[in-house]
Amino acid sequence: MRIERSPENSKFMANVPLAPYTTIGVGGQARCLARVSSTTEIISAMQWAEEHKLPVFILGGGSNVVFSDRGYPGMVLLPTLRGVVMKHSGSQLLFSVGAGEVWDAFVLYSVRSKLGGLECLSGIPGTVGAAPVQNIGAYGHDVASVIHTVRVIDRTTMKIEDHDAEWCEFSYRSSRFKREPDRYIITNVTFALHPNQAPQITYTDLQDWFDERPQLGPPTLDTVRQAVLDVRISKGMVYDENNVYSHGCGSFFVNPTLSGDDFKRVIEGAKNLSNPVEEDRIPAHPAGDGVVKVSAAWLIEAAGFKRGTRYESTNIGLNPYHALAIINYGGGAARQIVEFMTEIQDAVKKQFGVDLTPEPSFIGFKENAKEK
Ligand SMILES: Cc1cc2nc3c(=O)[nH]c(=O)nc-3n(C[C@H](O)[C@H](O)[C@H](O)COP(=O)(O)OP(=O)(O)OC[C@H]3O[C@@H](n4cnc5c(N)ncnc54)[C@H](O)[C@@H]3O)c2cc1C
């Protein structure tokens, strides 16, 4: 079930080109790369890196990482821990899953086993170990809602610890792991799933899919998975080597959550567009505590970056079906991705006063990815 994109299979490799380990396909070489399949191997690889004074970056399936063109001057550690262990706990079933398992393979397994909770997260690339990092989510569902515990190695003590979901401090596309990126190595994630739980559909795209297929009857876990995959594939949101539109990091920016005053700035910006947009036409919804979540895709398009826009004459550009996805049409460079990202951020800031936060991790750049 493990993502394999490297032609070689040895555990330690020196001077490894990183682009093939990512879905956006950019980046120079890592000084070395180590595949580690147990906590013991992780700990000894970390000790080896410390002895050699090498920084360490933890890599999963590479679907949310942009490596710099210079590469990474340290050790890239690839946890490949496998296995799924099930146990009963009241009305729910607990599944402890190795960090190196492929996320979507586990989702498929849960759907086939008639276990509800993950079906809307079908088709997201990457590993189980990375899922808690940005609290992956899609179609109104976040993985945090089914995470029971996470097993980690704390890099400051090298101790193995188990933590519950509250400790993980999950929030929209974030967690303790995202906020402290060099602190924890996730080795296992335990999910609480419910037998025969009815799927819940909250997204128009999915409801439309069912409305067009009345013969299917009420949504089941299987048909929801199919609906999600169909909708995602139509936008290049399922990674496929042969589909260039999927060669990115999914959504490149998170949807901004704005205070009332900041949202007023967006309303002003919308009125000042060459084709003015009224407040009730701005895709936004209340997100509690007086804040409003605004569609980043809408801000980007309204600021002048239509779907499919290329960055200058490069092979970096927006996905033609999804304005939020920056993709590499082939042969693009990390530097161009950062320049394009900055151009988009500057335009959105100028028009709407909003700072767009990128979703992927930028690795091997100077402190600020914008410094080349
Ligand atoms: C086509 C496409 C569609 C996507 N759609 C979605 C979507 O709908 N929703 C969504 O939320 N995301 C989406 N993504 C983003 C991405 O797939 C997820 O964030 C995914 O969880 C990343 O998994 P990965 O294994 O590839 O992690 P990587 O990209 O390898 O790493 C991501 C981050 O997690 C850290 N990390 C990875 N493994 C571990 C570990 N074991 N311990 C500690 N830290 C670790 C890394 O250091 C890095 O900071 C999409 C990406 C693509 C390319």
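Residues numbered from 1 in each chain as written. Predicted model: local features only at pLDDT ≥ 70, side-chain atom pairs only at ≥ 80, totals over all residues. Heavy atoms only, no water.

1. A word on the sheet that holds strand β16 (residues 292–294)
In step 1: One open sheet holds the three strands; their spatial order is β14-β16-β15, and the pairing between them is antiparallel. With partners counted over all chains shown, the strands left at the sheet margins are β14 (257–258) and β15 (284–286), one partner each. (Pairing = 2+ DSSP bridges. Helix = DSSP H or I, 4+ residues; strand = E, 2+ residues; numbered from the N terminus.)

2. With respect to the pairing of strand β13 (residues 184–195)
In step 1: Extensive coverage of β13 is indicated by the burial of 10 of its 12 residues.
In step 2: The sheet contact formed by strand β7 (residues 92–98) and β13 spans six bridges and is antiparallel. Opposite G98, over in β13, you have N188 as the bridge partner.
In step 3: Pairing between strand β8 (residues 115–116) and β13: two bridges, direction antiparallel. Directly across from L115, in β13, lies its bridge partner P195.
In step 4: Pairing analysis gives seven bridges linking strand β11 (residues 147–154) to β13, with the strands arranged antiparallel. Looking across to β13, one finds that I153 is bridged to I185. (Buried < 20%, exposed > 50% of the residue type's maximum accessible area, 1.4 Å probe, protein only.)

3. Quick notes on the site of the ligand
In step 1: As a matter of local geometry, the ligand sits amid 34 residues, with I58, G60, S63, N64 and T127 nearest to it.
In step 2: A distance of 2.6 Å is found between an oxygen atom of the ligand and a side-chain nitrogen or oxygen belonging to S63.
In step 3: A distance of 2.7 Å separates a nitrogen atom of the ligand from a polar side-chain atom of R232.
In step 4: For the ligand, whose free accessible area comes to 970 Å², the fraction covered by protein is 93%.
In step 5: Mapped onto the shell around the ligand, the elements with two or more residues apiece are β3 (56–58), β9 (137–138) and β13.
In step 6: No other element matches β13, which puts three residues into the shell around the ligand.
In step 7: Residue composition of the shell around the ligand, by class: 16 nonpolar, 16 polar and two charged. (Near = heavy atom within 4 Å. Polar contact = N/O pair within 3.5 Å; in protein donor to acceptor, adjacent residues only side chain to side chain. Areas by Shrake-Rupley, 256 points an atom, 1.4 Å probe, with all protein chains shown as cover. Nonpolar A, V, L, I, M, F, W, Y, C, P; charged D, E, K, R; others polar.)

4. Brief notes about the domain arrangement of the protein chain
In step 1: Along its sequence, the protein chain is organised into domain 1 (12–79), domain 2 (84–234) and domain 3 (245–363).
In step 2: Summed over both sides, the interface of domain 1 with domain 3 buries roughly 1200 Å², with 59% coming from carbon and sulfur.
In step 3: Broken down residue by residue, the surface that domain 1 buries against domain 3 is led by I24, N64 and V66, which jointly contribute 50%.
In step 4: Where domain 1 meets domain 3, there are zero salt bridges.
In step 5: Taken together, the connections running from domain 1 to domain 3 amount to nine residue pairs in polar contact (both at pLDDT 80 or more).
In step 6: Of the residues forming the side of domain 1 that touches domain 3, the biggest block, three residues, is contributed by strand β4 (residues 65–67).
In step 7: Considering only residue class, the side of domain 1 that touches domain 3 consists of seven nonpolar, five polar and one charged. (Domains from an automatic or database assignment. Buried area = accessible area lost by both parts, 1.4 Å probe. Salt bridge = Lys/Arg side-chain N within 4 Å of Asp/Glu carboxyl O.)

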